[in-house]
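# Structural features, examined
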Amino acid sequence: AERLRIRQEKARPLLQIYEAWLKAKLETLSSKSDTAKAINYTLNQWSALTLYCEDGTLEIDNNIAENALRCVSLGRKNFLFAGSDSGGERAAAMYALIGTCRLNNVDPRAYLDYVLTHIAGHKINRIDELLPWRVADKLHTPGSPPDPST
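Residues numbered from 1 in each chain as written. Predicted model: local features only at pLDDT ≥ 70, side-chain atom pairs only at ≥ 80, totals over all residues. Heavy atoms only, no water.

Looking at an unreviewed UniProt entry, one finds the chain named IS66 C-terminal element and attributed to Paraburkholderia tropica.

## A closer look at the overall build of the chain
Under the convention used in this document: A helix here means a DSSP run of H or I that spans at least four residues, while a strand means a run of E at least two residues long, and both kinds are numbered starting from the N terminus. In this description, contact between two residues means that some pair of their heavy atoms is separated by no more than 4.5 Å. Surface exposure here means Shrake-Rupley accessible area, sampled with a 1.4 Å probe, where a residue is shielded only by the protein chains that are shown.
Summing up its helical and strand segments, the chain has eight helices and zero strands in all. Ordered by position from the N terminus, the helices and strands of the chain form the series α-α-α-α-α-α-α-α. Within the chain, residue pairs in contact and separated by at least 24 positions form 52% of the contacts whose partners lie at least 6 positions apart. Summing over all exposed atoms, the chain offers an accessible surface of approximately 11600 Å²; the carbon and sulfur share of this is 57%.

## What to know about the UniProt feature "domain: Transposase IS66 C-terminal" (unreviewed entry) in the chain
Going by this rule: UniProt positions are given in the numbering used here, feature names are shortened, and annotations may be inferred rather than shown by experiment.
Within this numbering scheme, the UniProt entry marks residues 97–133 as carrying the feature "domain: Transposase IS66 C-terminal" (unreviewed entry). Taken end to end, residues 97–133 is 54% helix and 0% strand, and its two terminal C-alpha atoms sit 11 Å from one another.

## Some details on a nonpolar patch on the surface
Threshold: Like-charged residues are merged into a patch within 9 Å and nonpolar side chains (Val, Leu, Ile, Met, Phe, Trp, Tyr) within 5 Å, provided each residue has over 30% relative accessible area and no salt bridge. Salt bridge criterion: a side-chain nitrogen from Lys or Arg within 4 Å of a carboxyl oxygen from Asp or Glu. To sort residues, take the accessible area from a 1.4 Å probe on protein chains only and compare it with the maximum for the residue type: under 20% means buried, over 50% means exposed, and anything in between is partly exposed.
Together, Tyr-18, Trp-21 and Leu-49 make up an exposed nonpolar region whose accessible area comes to about 310 Å². Checked against the element boundaries, Trp-21 lands in helix α1 (residues 2–27). Residue Trp-21 is classed as partly exposed on the basis of its relative accessible area, which comes to 48%.

This is how it looks when you write it as structure tokens:
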């Protein structure tokens, strides 16, 4: 509620001024100019751009999602050498599992150790029981002894 109040009080007036400026600037430009195209794009996306002023729970940007995908972007050239399409799909699955572990505060190495030692005897129709958040309580953290009951 506090974040919404501040956005309504501070950001909304600035956005209204900016929108008016964009519309005024658009009237002075050739409709075919690159600047006019950029302004039209912004105005066409205005409701999405200003949505965060309507809901205090929304983030102002998508930095969290972009940071989560940064490793994919940084490793793009390395992925060319996955060997095959199926190799690339396996690499993507591993990145997804590791990312899911991190999002659920599960140590990826401990998770993979656990899954690789338990998957052979696990029923295929119950594979969802091996998802990171389902086995988190069975994992040991680095430096602590493994749970002898697992």
